[in-house]
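# Coordinate analysis (summary)
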Amino acid sequence: MYSIFSGANRYRMIKEYYPADYQLIKKYVAAGRWFPAGSAMEENDVNNPSAESIIRQILYGKEYFRRDFGKTSAEYMLPDCFGFPASLPSIPRALRHQGFSTQKLSSVGNPAPHVGGPDSIERRQRHSFNVGVWVGPDGSTVIAALNPGGYGSQVTLT
């Protein structure tokens with residue numbers, strides 16, 4: 001089983017308040033059993049701040065992960081955000097990220113059924129796919145997971 005946890009600032013707080021646990025996390029990261037995800041320092045709002053502010057969040061977060069774990073995340077994660085601008089794919093793409101993921105678009109009250117059926121998520125939600133390529137207005141693309149399941153879901157690779 002693998003674990004992920006996003007937001008470099010959360011790791012910083014674990015390091016400060018729970019140093020023994022932090023050393024264990026570092027051990028798991030080195031062994032490939034734990035993935036520092038999300039790239040950013042915080043999971044910030046992306047609707048109101050400037051692109052420069054969002055990029056700064058990612059650059060600071062990537063530097064923290066690089067310094068403490070010797071690696072960075074290849075994806076930008078906003079698990080609990082209230083919407084995304086159409087231009088969002090341009091930012092992670094400019095920073096050489098491979099993907100984008102979120103959690104907020106699925107909820108307990110709206111679990112994701114099997115794709116393609118008469119009650120499929122594509123017919124009930126405003127986003128058009130669960131996992132696919134998101135194309136921004138400037139043509140930038142990023143692989144996006146817009147419906148990975150609930151907060152406690154597990155993804156099984158087969």
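Here, the structure is the one placed above.
Notes on the structure follow. (Residues numbered from 1 in each chain as written. Predicted model: local features only at pLDDT ≥ 70, side-chain atom pairs only at ≥ 80, totals over all residues. Heavy atoms only, no water.)

## A closer look at the overall build of the chain
When its secondary structure is counted, the chain shows 5 helices and 6 strands. Pairs at least 24 apart in sequence give 62% of the contacts found in the chain among residues at least 6 apart. Of the roughly 9,500 Å² that the chain leaves accessible, carbon and sulfur atoms contribute 56%. (Helix = DSSP H or I, 4+ residues; strand = E, 2+ residues; numbered from the N terminus. Contact = heavy atoms within 4.5 Å. Areas by Shrake-Rupley, 256 points an atom, 1.4 Å probe, with all protein chains shown as cover.)

## Side note on the pattern of salt bridges
Considering all chains together, one arrives at 7 salt bridges under this definition. Among the ionic pairs, Arg 10 bridges to Glu 42, the shortest N-O distance being 3.2 Å. You can see Arg 10 sitting in helix H1 (residues 8-17) and its partner Glu 42 sitting in the loop between strand E2 (34-37) and helix H3 (51-69), a full 32 residues away along the chain. Residue class for Arg 10 comes out partly exposed when judged on its relative accessible area of 26%. What makes Glu 42 partly exposed here is its relative accessible area of 26%. A salt bridge links Glu 63 to Arg 66, with the nearest nitrogen and oxygen atoms 3.2 Å apart. In this pair, Glu 63 and Arg 66 both sit in helix H3, 3 residues apart, roughly one turn of the helix. (Salt bridge = Lys/Arg side-chain N within 4 Å of Asp/Glu carboxyl O. Buried < 20%, exposed > 50% of the residue type's maximum accessible area, 1.4 Å probe, protein only.)

## A word on the sheet that holds strand E4 (residues 99-102)
Read across the open sheet, the 4 strands follow the order E3-E4-E6-E5; overall the sheet is mixed. Each having just a single partner strand, strand E3 (75-78) and strand E5 (131-135) make up the two edges of the open sheet. Mean inter-strand twist for the sheet, computed between neighbouring axes without regard to direction, equals 25 degrees. (Pairing = 2+ DSSP bridges. Axes fitted to C-alpha atoms, helices over the stretch in contact; angles between N-to-C directions.)

## Thoughts on the packing of aromatic side chains
All chains considered together, the criterion is met by 9 aromatic pairs. Residues Phe 84 and Trp 134 carry aromatic rings whose centres are separated by 6.3 Å and whose planes lie at 70 degrees to one another, so their mutual orientation is edge-to-face. Residue Phe 84 is found in the loop between E3 and helix H4 (90-94), and its partner Trp 134 is found in strand E5; the two are separated by 50 residues along the sequence. With a relative accessible area of 16%, Trp 134 lands in the buried category. Over the face of the ring belonging to Tyr 28 we find Arg 33, whose NZ or CZ atom lies 4.5 Å from the ring centre. (Phe/Tyr/Trp six-rings, centres within 6.5 Å; stacked < 30°, edge-to-face > 60°. Lys NZ or Arg CZ within 6 Å of the ring centre and 35° of its normal.)

## Side note on the environment of Asp 45
One can find Asp 45 in the loop between E2 and H3. Residue class for Asp 45 comes out partly exposed when judged on its relative accessible area of 31%. Along the backbone, Asp 45 and Asp 80 are 35 residues apart, and their C-alpha atoms lie at a distance of 9.1 Å. What Asp 45 contacts, discounting residues up to four positions off in sequence, is Ile 54 and Cys 81. Of note is the side chain of Asp 45, whose polar atom sits 3.2 Å from the backbone nitrogen of Asn 47. At a separation of 3.0 Å, a polar atom in the side chain of Asp 45 contacts the main-chain amide nitrogen of Asn 48. (Polar contact = N/O pair within 3.5 Å; in protein donor to acceptor, adjacent residues only side chain to side chain.)

## Here's the deal with the side chain of Ser 140
You can see Ser 140 is positioned in the loop between E5 and strand E6 (141-145). Since its relative accessible area comes to 16%, Ser 140 is described here as buried. Beyond its immediate sequence surroundings of up to four residues, Ser 140 is in contact with Pro 89, Ser 90, Arg 93, Trp 134 and Val 135.

## Digging into the nonpolar core
By size, the foremost hydrophobic cluster in this structure holds 16 residues, and its most contacted members are Val 46, Tyr 76, Leu 78, Phe 84, Leu 88 and Phe 100. Going through the elements one at a time, H3, E3 and E6 are the ones with two or more residues in this core. What Tyr 76 contacts, discounting residues up to four positions off in sequence, is Gly 38, Ala 40, Asn 44, Val 46, Ile 54, Ile 58, Leu 88, Pro 92, His 97, Gly 99, Phe 100 and Ser 101. Ala 8, Ile 14, Tyr 22 and Ile 25 belong to the second-largest nonpolar core, a separate cluster that totals 11 residues. (Core = buried A, V, L, I, M, F, W, Y, C linked by side-chain atoms within 4.5 Å.)

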